[in-house]
Amino acid sequence: MDSSVYVFVEDLLGEGVERVLDRISGYGVTGVTVGAVHHASRDVTPHGLSRLTLRHDGAHFIPPPELFDGLRLTPVPGVPDAFDGLREACANRSMKLHGWTVFLRNATLGAEHPDVTVRDCFGDRGSLTDLCPAHPDVRDYAVALARAVARLGVDSVVAESLHFRPLKPQRSFVPLGPMDAYLFGLCFCEHCMRRATDLGVHAEVARDECARIVGAVFDGDPPAQGEVTRAALTAYAGPDVVAYARARSETVTTLVSEVASAVAAEGSKLVFIDSTGAVKGYTDGLPTPGLAAHDAWQLGVDLVALGDLVPAFGVLAYARDAARVADDVGAYLRSVGKDREVRAVLRPGHPDSDSTDRLVAKARGARAAGALAVDFYAYGLVPYAVLDRIPAALSS
Ligand SMILES: [Zn+2]
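Residues numbered from 1 in each chain as written. Predicted model: local features only at pLDDT ≥ 70, side-chain atom pairs only at ≥ 80, totals over all residues. Heavy atoms only, no water.

**As for the overall build of the protein**
Step number 1: Tallying secondary structure elements over the protein gives 17 helices and eleven strands in all.
Step number 2: For a compact globule of 396 residues, the expected C-alpha radius of gyration is about 21 Å, and the protein comes in at 21 Å, within 12% of that figure.
Step number 3: The C-alpha extent of the protein, read off along each of the three principal axes, is 60 × 50 × 40 Å.
Step number 4: If you take every contact in the protein between residues at least 6 apart in sequence, the share linking residues at least 24 apart comes to 76%.
Step number 5: For the protein, the exposed surface amounts to about 16000 Å²; the carbon and sulfur share of it is 52%.
Step number 6: For the protein, the distance from the average site of its 39 positive side-chain charges to the average site of its 50 negative ones is 4 Å. (Helix = DSSP H or I, 4+ residues; strand = E, 2+ residues; numbered from the N terminus. Rg over C-alpha atoms; globule rule 2.2 N^0.38 Å. Contact = heavy atoms within 4.5 Å. Areas by Shrake-Rupley, 256 points an atom, 1.4 Å probe, with all protein chains shown as cover. Lys, Arg positive; Asp, Glu negative; His and termini not counted. Charge placed at Lys NZ, Arg CZ, Asp CG, Glu CD.)

**Some points on the nonpolar core**
Step number 1: Residues L183 and V259 are the most contacted members of the largest nonpolar core, which totals 121 residues.
Step number 2: At twelve residues, the largest contribution of residues to this core is made by helix α10 (residues 239-265).
Step number 3: If we skip the residues at most four places from it in the chain, L183 touches C121, C210, I213, V214, L233, Y236, A237 and V241.
Step number 4: In terms of nonpolar packing, the next biggest core, distinct from the first, is built from 14 residues, F8, V102, Y318 and A378 among them. (Core = buried A, V, L, I, M, F, W, Y, C linked by side-chain atoms within 4.5 Å. Buried < 20%, exposed > 50% of the residue type's maximum accessible area, 1.4 Å probe, protein only.)

**Considerations on the pairing of strand β1 (residues 2-7)**
Step number 1: Within β1, five of the six residues are buried, which leaves the element mostly enclosed by the surrounding structure.
Step number 2: Relative to strand β11 (residues 373-376), β1 runs parallel, the two being bridged by four bridges. Among the inter-strand pairings, D2 is bridged to a residue of β11, identified as A373.
Step number 3: Bridging between β1 and strand β2 (residues 31-38) involves three bridges; their strand directions are parallel. If you follow V7 over to β2, its bridge partner there is V34. (Pairing = 2+ DSSP bridges.)

**What to know about α10**
Step number 1: Helix length check: α10 (27 residues) gives 40 Å between terminal C-alpha atoms against 39 Å at 1.5 Å per residue, within 8%.
Step number 2: One or two residues past the end of α10 sits G267, with phi positive at roughly 85°. (Expected span 1.5 Å × (residues − 1).)

**Side note on the coordination of the zinc ion**
Step number 1: Protein-derived ligands of the zinc ion are C132 (SG), C187 (SG), C189 (SG) and C192 (SG), with the metal-ligand distances lying across 2.2 to 2.3 Å.
Step number 2: Every donor counted, the four donor atoms about the zinc ion form angles of 97 to 117° at the centre, which fits tetrahedral coordination.
Step number 3: The sequence pattern describing where the donors of the zinc ion fall on their chain is C-x54-C-x1-C-x2-C. Of the two residues, C187 and C189, both sit in the buried class. (Donors = N, O, S within 2.8 Å, 3.2 Å for Na, K, Ca; no water. Tetrahedral: all angles 85-135°; square planar, octahedral: opposite > 155°, others 65-115°.)

**With respect to the side chain of D120**
Step number 1: Tracing the sequence through the fold places D120 in the loop between α4 (107-112) and α5 (136-150).
Step number 2: Summary of buried charges: D120 has no salt-bridge partner, and the nearest side chain of opposite charge, R119, is 6.8 Å away.
Step number 3: Excluding residues within four positions of it along the chain, D120 makes contact with F184, L186 and F188. (Salt bridge = Lys/Arg side-chain N within 4 Å of Asp/Glu carboxyl O.)

**Brief notes about the packing of aromatic side chains**
Ring pairs (aromatic) are described by centroid distance and by the angle formed between their planes.
Step number 1: Inspection of the entire model under this criterion finds 13 aromatic pairs.
Step number 2: Ring geometry for F8 and W100: centres 5.3 Å apart, planes at 55°, overall tilted. Residue F8 is found in the loop between β1 and α1 (9-15), and its partner W100 is found in strand β6 (residues 96-102); the two are separated by 92 residues along the sequence.
Step number 3: Under the relative-accessibility criterion, F8 is labelled buried at 2%.
Step number 4: Overall, W100 belongs to the buried group, its relative accessible area being 2%.
Step number 5: Three or more aromatic residues joined by ring pairs make a cluster, and in this case those are Y6, F8, W100, Y282, Y318 and Y377.
Step number 6: The aromatic ring of Y384 is capped on one face by R23, whose charged end is 3.7 Å from the ring centroid. (Phe/Tyr/Trp six-rings, centres within 6.5 Å; stacked < 30°, edge-to-face > 60°. Lys NZ or Arg CZ within 6 Å of the ring centre and 35° of its normal.)

**Quick look at the pairing of β2**
Moving residue by residue along a regular strand, the side chains alternate between the two faces of the sheet.
Step number 1: Among the eight residues of β2, eight are classified as buried, and the element is accordingly described as predominantly covered.
Step number 2: Bridge analysis of β2 against β6 gives six bridges, and the strand direction is parallel. Its bridge partner lying in β6, V37 is registered against T101.
Step number 3: For β2 and strand β5 (residues 58-59), the ladder comprises two bridges, and the chain directions are antiparallel.

**Some words on the side chain of H98**
Step number 1: Along the polypeptide, H98 turns up in strand β6.
Step number 2: Engagement of the side chain of H98 in a polar contact is seen with the side chain of S156, the distance being 2.8 Å.
Step number 3: Each residue touching H98, except ones within four places of it in the same chain, is listed here: S4, V32, T33, V34, V154, D155, S156, V158 and R343. (Polar contact = N/O pair within 3.5 Å; in protein donor to acceptor, adjacent residues only side chain to side chain.)

This is the structure in structure tokens:
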């Protein structure tokens, strides 16, 4: 079965390319998905060079200058030589190399160019980490970035954050319900407003309604109860808001289509990952009830439309329960089309997998539901003892 382990460039720098690849291929894994473009974070890395790794926003290669000629947004420089020799080192072990690319989550670019970031219903730009997929400069950047990663000679470009992102404040002592948080997270920048208006949506009515509802909670009204569904959102915020939220999928679908075409033109293929599975289960492996494929629309991700445009999809199956993993994979395949490649991304340790048996059950569930590949997240984030569970998961 096709498989890979997610690897950060810091893992390769710390332990050395040969040692990391030998360990991974020793597990029977057939590929590595290496972070070519990543976002800033501070991570516990149990066997890293440093046990606490500070990552910066950055593209870990030297982008071909002609791809970004005349563009306002250009990649933030990272480790310039992280991919040097990597393709050959993988080929020597008959392993595939995938280029993991974080597109629209970039605090550095956002701080340099605040006008390309999302803008909430109050007119504020409080999420400078989130570039808006409707902004023309962001779209040009995303297409060029995809081409640049494809030119590294990777077997696929794995796209993360190529859609709208959910609101993630670091502190909130206001009890916003899921629907309030969702409305507060919608982008009402001029480009989003114009695109929605072009589709016949009353964008200003939607914006004012969001501001009225969220503002009332800030003023002490009780928050909305219950998860976000189209029906609940219609009842809570009205049809104009729902129409506005649904119109976001046109923005994302057209962008992903352009990126997929650019990647194909460079001789690689796009693997699209939407973060809904992480939104649901990241913290504790206990995802909220709705399946990821059914709730992806909330981030502007129309899986049925994307199924016609993108050859492969990664499902973030961040769950403890093997049945849930199988359900998520099955729902994804029903949305994107049975003939599409769906890869299940599993976390082999905390908080999703407390034993080898549990990881084995989830890999088996993913495969039985139709997944063509299993990917493991992530090399540097889990102890060696957890990585050692992988061979059993692949041979089960
Ligand atoms: Zn916008």
